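Survey of secondary and tertiary structure
Now for the letters of each chain:
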Amino acid sequence: MPSRDKGQRSITTSDQELVLSSLEPEQLARLKKHFIPRRHLRGLEKFVIWSLRIYLLFMMAVVVYQVWISSH
Amino acid sequence: MGAGPLSRVTPQAVTQDVVITHEDVDRAHDRVRVSAARGQRGVFSGFRLLWLLVGPGILVMLGENDGPSMLSYAATGARFGIGFFIPFVVLTFCMAVVVQEMTMRLGSATHRGHAELIFVRFGPFWGWFSMIDLGIGNFLTLITEFIAIRAGLGFFGVPPWAAVASALVFLCLAVITHRYWTWERTLLAIAVFNLVFVPVALLTHPSWHSVHRALITWRPLPGGLSKDTLIILLADIGATVTPWMLFFQQSATVDKGLTRKDIHVGRIDTVVGAALAATAAVATILATAPLFAHHMTAENFQAAEFAQALQPLIGRFGAALFALGIVEAGMVASVTISISSAYAFGEVAHRPHSLNLPMAEGRAFYSVLFLCAVTAGAIVLIPGLPLVNVVLLVNVVAVLAMPPALVFLFMLANDRDVMGDLVSPKWANILATSVVVFLTLAGVLFGISVIAPHIFGFLGGR
């Protein structure tokens, strides 16, 4: 049963009907029923993600180095 | 268009277990107007539907025309003119459309934010990596927004503390209605002021023949490829595609309540946003190009200095418009970036996250939003910080952080379990892969220019 929320103004029955008739079920803010399963990464996907992660960490070090040589 | 795998929850299940919130009620009112417009026929109804559904795409694009971006474009025009960079900037906005369309489609199909989807689909390990990238990138960018606001208002003699305070007041006013629709319309009205760079460009009396020739022939880089040129190139790319845009547009799409039926309008929204933002970006390059023609050194200019340098050419009024444009860019982006951080926090921490939330229900959401902004504003007021370098480097960091973020977006947009029949078509995947490769190569070239300049010279750079 839809219940009153803890906000300042009360939610009326017509509000509930409006919500249920105009929003898709998974648009409801507190609907936690639907579960999206975890995706298992394949070998190539893991390789690409890890490669780009290492690339990013390395490039951040390059940026820090660039800042250091600019300031000296 | 059929419903996706996420549409398996029945309304009956909803009524049994779920609390209806004010956020839902506000969103439902917005959707009723959309349904009414969709139910009518005629040109007027079509425009009304467009009017009701546009927002996230235009806001994200004009929001990304932020303080550091406009300063990057200004530096570009002043140092390199228009020949190479006008078509280059148009190309970067085309890349932005490819990327942002995927986020809009994801948000409309799943009704979940980007951070939430990464966490549930790839797990907390990769989720936290993405959040750390986003958090650091957003915070650094937010600092530069306050730098831009401070510098722009500095042109009018406003002291730094007052500039920062006014930006924080603007942020409070922007979200005070606790209503997504009002917030979006208000910010859209202010964001369109980004086009103030168009009259500034017109005041410089640009040569339209040269502009036309630049767009048609795409002339080579003046002076060839050097490390400094590469930083400007990366800064201009980072001025159009950054990680916060992915998170913001997807979350705003969800908050607005767009559905699968709205995707075609979402595409129009994104393209219109990109066109408006590209117009403002090109206008900024055109506005400062006379400084290049007059061989003025503009390497370390901030907003106020650009405006002052332009004053002899376009008068006090034109210079004031330029400075106001920088202030607007910083103000709008400070709102969108703070909200992007707050959305991501709410999605990951499972706290309510919507601009429809009353303060009592969204304390955590609004606290993160304001905390980010206040801290960034306070940092800008610390005396002696090297603020000029930060501005260009923030955009470079954004480009470097994009490939890992794009790979998750790419995988989610092609995930049939999440997207159903809305997975990316082959042509979109080819374009998206090209963007990832292009950004990665740009980053690698930057890395080589810094750590092995002799190899960079061997590759044709200086």
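Residues numbered from 1 in each chain as written. Chains lettered and ligands numbered in written order. Predicted model: local features only at pLDDT ≥ 70, side-chain atom pairs only at ≥ 80, totals over all residues.

Within chain A one finds two helices and zero strands. Burial status across chain A gives 21% buried among its 72 residues. (Helix = DSSP H or I, 4+ residues; strand = E, 2+ residues; numbered from the N terminus. Buried ≥ 20, exposed ≤ 12 C-beta atoms within 10 Å, placed from the backbone.)

Another point: the overall build of chain B. In terms of regular secondary structure, chain B is built from 21 helices and zero strands. For 462 residues, the compact-globule estimate of 2.2 N^0.38 gives 23 Å, and chain B sits close to it at 22 Å. Principal-axis analysis of the C-alpha atoms gives chain B an extent of 70 × 50 × 45 Å. Per-residue burial for chain B yields a buried fraction of 58% across its 462 residues. (Rg over C-alpha atoms; globule rule 2.2 N^0.38 Å.)

Here the focus is the environment of A191 of chain B. The topology assignment puts A191 of chain B in helix α10 (residues 180-191). A C-alpha to C-alpha distance of 25 Å links A191 of chain B and H111 of chain B, two positions 80 residues apart in sequence.

Another aspect to go through is the nonpolar core. Among the nonpolar cores identified, the biggest contains 153 residues, and V99, L234, I285, F322 and L409 of chain B are the most heavily contacted of them. Ranked by residues supplied to this core, first place goes to helix α16 (residues 303-349) of chain B with 23 residues. Setting aside chain neighbours within four positions, we find V99 of chain B in contact with V241, L246, L406, L409 and V435 of chain B. Counting eight residues, the second-largest nonpolar core is a separate cluster that includes I11, V19 and A29 of chain A together with I20 of chain B. (Core = buried A, V, L, I, M, F, W, Y, C linked by C-beta atoms within 7 Å. Contact = placed C-beta atoms within 7 Å.)

With that settled, the discussion passes to unusual backbone geometry. What you tend to see is this: most non-glycine residues have negative phi, and most peptide bonds are trans. Residue and element names in this part refer to chain B. The backbone of H205 sits at a positive phi, close to 50°, despite the residue not being glycine. Looking at where H205 falls in the secondary structure, it is placed in the loop between α11 (197-203) and α12 (208-217). Even without being a glycine, H350 presents a positive backbone phi close to 55°. Here H350 is to be found in the loop between α16 and α17 (363-380). With 10 C-beta atoms counted inside 10 Å, the residue H350 sits in the exposed group.

With that settled, consider the confidence of the model for chain B. Residue and element names in this part refer to chain B. Of the residues in chain B, 91% have a pLDDT of 70 or more, and the chain-wide mean is 87. No element of chain B has a lower mean pLDDT than helix α1 (residues 11-17), which averages 50, and none a higher one than helix α14 (residues 243-256), which averages 95. Low pLDDT, under 50, characterises residues 1-13; the predicted model gives this stretch 26 contacts beyond four residues in sequence or across chains. The ipTM for the predicted assembly is 0.84, set against a pTM of 0.89. (pLDDT = per-residue confidence, 0-100.)

This part takes up the environment of L62 of chain B. Residue and element names in this part refer to chain B. Relative to the helices and strands, L62 resides in helix α4 (residues 56-64). The spacing of L62 and I382 is 320 residues in sequence and 29 Å in space, taken between C-alpha atoms. Setting aside its immediate chain neighbours within four residues, L62 contacts A191, N194, G273, L276, A277 and V332.

With that settled, the discussion passes to α4 of chain B. An α-helix turns once per 3.6 residues; consequently, residues spaced three or four apart project the same way. Most of α4 of chain B is tucked away, with nine of its nine residues classed as buried. The set of residues buried in α4 of chain B consists of P56, G57, I58, L59, V60, M61, L62, G63 and E64 of chain B.

With that settled, the discussion passes to the packing of helix α2 (residues 22-39) of chain B against helix α3 (residues 43-53) of chain B. For any two helices packed against each other, the geometry comes down to the angle between their axes and how far apart the axes lie. Residue and element names in this part refer to chain B. Closest axis-to-axis distance for the α2/α3 pair is 8 Å, and the angle between their directions is 155°. Comparing their axes, α3 and α2 come out roughly antiparallel. α3 is crossed by α2, and the crossing has left-handed handedness. Counting all contacts with α2, which are made through R33, V34, A37 and R38, the residues of α3 involved are S45, R48, L49, L52 and L53. (Axes fitted to C-alpha atoms, helices over the stretch in contact; angles between N-to-C directions. Parallel < 35°, antiparallel > 145°, perpendicular 65-115°, else oblique. Left-handed = near helix turned anticlockwise from the far one by under 90°.)

Along the chain, L52 of chain B falls in helix α3. With 18 residues separating them along the chain, L52 of chain B and V34 of chain B place their C-alpha atoms 6.5 Å apart.

What follows covers the confidence of the model for chain A. On average, residues of chain A score 80 in pLDDT, and 83% of them reach the 70 mark or higher. Ignoring residues within four places in sequence, the model shows residues 1-7 of chain A, a span with pLDDT below 50, making 19 contacts including any to other chains.

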